Amino acid sequence: MPTKPKLGQNFLNDTEAIERIAASLGDISGRTVVEIGPGGGAITGALAARAGHVLAVELDHELAIWLQAGFSPDKVTVVEQDVLHFDFAAASEAAGERLRVVGNLPYYITSQILLKLAASQAALEVAVLMVQREVADRITAGPGSRDYGLLSVTVQMYGTVERLFTLPPEAFAPPPDVHSTVFRWRFAPRFVDLGVEEATFTPFVRKAFAQKRKTLANNLRAAGITPKVAAAAMAQAGIDPHARAEALPIESLAALWRSLEVERIASTGI
Ligand code: SAM
């Protein structure tokens, strides 16, 4: 079957990597696993051999038909759908458990899939995902590193992340132009512990990281926060007035959000 580059179809053909991906989900016997973009079923087979049931969400009609024909419906259900429209909460409820997720992702929608999983976190336990290596660098980066930024903080607010391994282009057919890295994401959101509001914290972090070369104080000013309020909130959060957002751990960004929230309530009364 000819591949469709527009759908990010680079099929994994490294048997050892396939086994490592399936094993990275932990003990999945009797459990329901959602696979994002099963394609020709390279990972699906390894999952079906270990899991209770696999829900394989594939957008490509021809692949979905072909894939279902190769597996017993008792073991694998191919859902022909855009994963961005897949209802993880309903699938979790039907399975009676939080789901495990796996996917060699279609790279053209990596960010949207990560945001979809973050929004569905209550239905999820763990995800093992293959992404472009540079994206994994950003997802797993810590403060002070070149790659640390909005993506790191956004993903890490929803759980812990670990890099597992990297594969060269030759591990796929056709080979992509980039290296690929598998990482594991254990869902455990931090909003309550850090005393921040989910709906406004991410937009706040986006503003804090808006311009890499600017200091945090300047980015806050550009976001409409007066220099006096920004300076007071940074001092209260124990942040150096000349710091850049890239140097701050999530805990400091949360402390700053809380200080600004106190200022906002004090000035508006709401
Ligand atoms: N899992 C297979 C493997 O490792 O060989 C295929 C991975 S390939 C990188 C990405 C797969 O995602 C393709 O099968 C593609 O058709 C599918 N896909 C692309 N966009 C999708 C979407 N929006 N929703 C679900 N699947 C999608």
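See above for the structure.
Read on for a plain summary of the structure.

## Some words on unusual backbone geometry
Item 1. Note the cis peptide between A173 and P174, where omega equals -10°.
Item 2. Note on placement: P174 falls in the loop between strand 8 (172-173) and strand 9 (180-187).

## What to know about the nonpolar core
One broad rule of soluble globular proteins: the nonpolar side chains tend to lie buried together.
Item 1. Within the largest apolar cluster, 62 residues are counted, with the highest numbers of intra-cluster contacts made by F88, L117, W185, F201 and L256.
Item 2. The leading source of residues in this core is helix 12 (residues 250-268), at seven residues.
Item 3. For this core, the two domains that each supply at least three residues are domain 1 (5-189) and domain 2 (194-268).
Item 4. Once you skip the residues sitting within four places of it in the chain, W185 turns out to touch L114, L117, A118, E125, V126, A127, L129, V155, Y158, G159, T160 and V161.
Item 5. In this structure, A17, V126, F165 and F172 belong to the second largest nonpolar core, which totals 28 residues.

## Looking at the packing of helix 1 (residues 15-23) against helix 2 (residues 42-50)
In helix packing, the relevant descriptors are the interaxial angle and the interaxial distance, both defined with respect to the helix axes.
Item 1. Packing of helix 1 against helix 2 leaves a shortest axis separation of 9 Å and a crossing angle of 45°. Compared by their axis directions, helix 1 and helix 2 come out oblique. Where helix 1 crosses over helix 2, the handedness of that crossing is right-handed. Between helix 1 and helix 2, the residues in contact are I18, E19, I21, A22 and A23 and A42, I43, A46, L47 and R50, respectively.
Item 2. Among the residues forming the contact of helix 1 with helix 2, the class breakdown is eight nonpolar, no polar and two charged.

## Quick look at the side chain of R31
Item 1. By the element assignment, R31 lies in the loop between helix 1 and strand 2 (32-36).
Item 2. Of note is the side chain of R31, whose polar atom sits 3.1 Å from the side chain of E97.
Item 3. With residues up to four places along the chain from it excluded, the contact list for R31 reads A51, G52, H53, E97, R98, R100 and E125.

## Remarks on the environment of G41
Item 1. In this structure, G41 sits in the loop between strand 2 and helix 2.
Item 2. Accessibility expressed as a relative area gives 9% for G41, which makes it buried.
Item 3. Sequence separation of G41 and S152 is 111 residues, and the distance between their C-alpha atoms is 30 Å.

## Some remarks on the environment of R184
Item 1. As for its position among the elements, R184 is in strand 9.
Item 2. Distance from R184 to T140, taken between C-alpha atoms, is 9.8 Å for residues 44 residues apart in sequence.
Item 3. Not counting residues up to four positions away in its chain, the partners in contact with R184 are S24, V126, A127, V128, T160, V161, E162 and L164.
Item 4. For R184, the side chain forms a polar contact with the main-chain oxygen of S24, separated by 2.8 Å.

## Details of the site of the ligand
Item 1. Near the ligand you find 25 residues, and of these Q9, L12, G37, E58 and Y108 are the closest.
Item 2. At 2.9 Å, a side-chain N or O of N104 approaches an oxygen atom of the ligand.
Item 3. Each residue belonging to the shell around the ligand can be placed in one class, and the counts come to 14 nonpolar, seven polar and four charged.

## With respect to the sheet that holds strand 4 (residues 76-80)
Item 1. One open sheet accounts for seven strands, arranged 4-3-2-5-6-9-7; its pairing is mixed. Looking at strand neighbours, the two that pair on one side only are strand 4 and strand 7 (159-167), the edges of this open sheet. Recorded for the sheet is a direction-independent mean angle of 20° between the axes of neighbouring strands.
Item 2. Pairing geometry for strand 2 and strand 5 (residues 99-104), over four bridges, is parallel.

Cut-off values and rules
Residues numbered from 1 in each chain as written. Predicted model: local features only at pLDDT ≥ 70, side-chain atom pairs only at ≥ 80, totals over all residues. Heavy atoms only, no water. Helix = DSSP H or I, 4+ residues; strand = E, 2+ residues; numbered from the N terminus. Core = buried A, V, L, I, M, F, W, Y, C linked by side-chain atoms within 4.5 Å. Buried < 20%, exposed > 50% of the residue type's maximum accessible area, 1.4 Å probe, protein only. Domains from an automatic or database assignment. Contact = heavy atoms within 4.5 Å. Axes fitted to C-alpha atoms, helices over the stretch in contact; angles between N-to-C directions. Parallel < 35°, antiparallel > 145°, perpendicular 65-115°, else oblique. Left-handed = near helix turned anticlockwise from the far one by under 90°. Nonpolar A, V, L, I, M, F, W, Y, C, P; charged D, E, K, R; others polar. Polar contact = N/O pair within 3.5 Å; in protein donor to acceptor, adjacent residues only side chain to side chain. Near = heavy atom within 4 Å. Pairing = 2+ DSSP bridges.

All we've got here are geometric facts, nothing functional implied.
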